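Reading the structure
The residues making up each chain are set out below.
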Amino acid sequence: MKKLFYFLTASLLGLTSNAQTVAEITPTDTLTVIQNQNKIEQDTYSEDLPWHARRFKVSAGSFFPVNNTQIQVGTNNGKIGTTIDLEDDLGFTKSSASFLGTFDWRISRRSRLGFEYFSLDRSSSKTLQREINFGEHTYEVNARVTAFFNVQIARIAYGYAFLSKPKYEAGLLIGAHVLFADLGLRVDANQAVAEVHDNFNFTAPLPDIGIWGEFVLGKRFGLYANVNYLALKIDTIDGRILSYNLSLLYNVYKNFSLTAGYTGLNFKVEDIEKHLNGSLKWGYNGPTLTAVYTFGHHVKLYKH
């Protein structure tokens, strides 16, 4: 009987000891283990992908768009402008090259802010094959004219990631393209007794919304894509915009990478100024080549 008593007592003490050990593994301990695992994952991630998920990213390069441009400029006193195809009617080349620059700031794991700048100056000279009404003047058939179309586009966009994982992110974009356009037409000096010329310039802020995605394809490869669209009327400006971008990144060394991509943008803008009114339909698309440098701390992108 005593042996049975000692056996039961020892068993009970053993169970109590095990229960105490289990009780000592608290939720805090479990959280600490998970945090340590996340830290290991993050450190390994940072070493394997030094170019990805950094706080800041700067890129600069060239854009080689193919342009299709139509303009119409009339007066506010009733003179209707002729719809002009810049490439066909005024001899502008469809292909061109320009500068493209971006700056991205990852505010947090899910939030980011991006800035873009694009500049394109084009000009041409041609003998007119048809009569053209542009601004306050009429340009006759066989007149030798010089034209220019200079554009700068600045963009700011806020992105929020609904999906945020170490190897892929996706979310919504809201922002605005601001179009600074200056276009003009003049008769060459030896073609007219008096100088004949017209200029039309305007600034058009065009808000847009869209979606974006960023994917790690390998240790040195990444992919980025976005699509944006909006049609809106603001005061005297009625505009529509559709833009898209797809770019493949190759990491050359640590924080330095190169990207090759394809970008397109389509504008339709109608604007009324003090004396003139005009419309612009401009579409361009083509390849981009940029150099990318990332810096700052890694943003923590956990698997859990």
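Reference entry: report on the structure contained in this document. (Residues numbered from 1 in each chain as written. Predicted model: local features only at pLDDT ≥ 70, side-chain atom pairs only at ≥ 80, totals over all residues. Heavy atoms only, no water.)

**Points about the overall build of the protein chain**
Scanning the protein chain from terminus to terminus reveals 3 helices and 14 strands. When burial is assessed residue by residue, the protein chain has 40% of its 304 residues classed as buried. Relative to all contacts within the protein chain whose residues are 6 or more apart in sequence, the contacts with residues 24 or more apart total 68%. Summing over all exposed atoms, the protein chain offers an accessible surface of approximately 16800 Å²; the carbon and sulfur share of this is 61%. (Helix = DSSP H or I, 4+ residues; strand = E, 2+ residues; numbered from the N terminus. Buried < 20%, exposed > 50% of the residue type's maximum accessible area, 1.4 Å probe, protein only. Contact = heavy atoms within 4.5 Å. Areas by Shrake-Rupley, 256 points an atom, 1.4 Å probe, with all protein chains shown as cover.)

**Focus on the pattern of salt bridges**
In this structure the tally under the stated criterion is 8 salt bridges. Between glutamate 116 and arginine 155 there is a salt bridge whose closest N-O contact spans 3.5 Å. Placement of the pair is glutamate 116 in strand β5 (residues 111-127) and arginine 155 in strand β8 (residues 144-164), with a sequence separation of 39 residues. Given the relative accessible area of 8%, arginine 155 is considered buried. In this structure, a network of salt bridges that share partners links the residues Arg106, Arg112, Glu169 and Glu214. (Salt bridge = Lys/Arg side-chain N within 4 Å of Asp/Glu carboxyl O.)

**Focus: the pairing of β8**
Across 17 bridges, the pairing between β5 and β8 is antiparallel. Among the inter-strand pairings, serine 124 is bridged to a residue of β8, identified as alanine 147. By the bridge criterion, 19 bridges tie β8 to strand β9 (residues 168-187) in an arrangement that is antiparallel. Looking at the pairing, arginine 155 lines up with histidine 177 of β9. (Pairing = 2+ DSSP bridges.)

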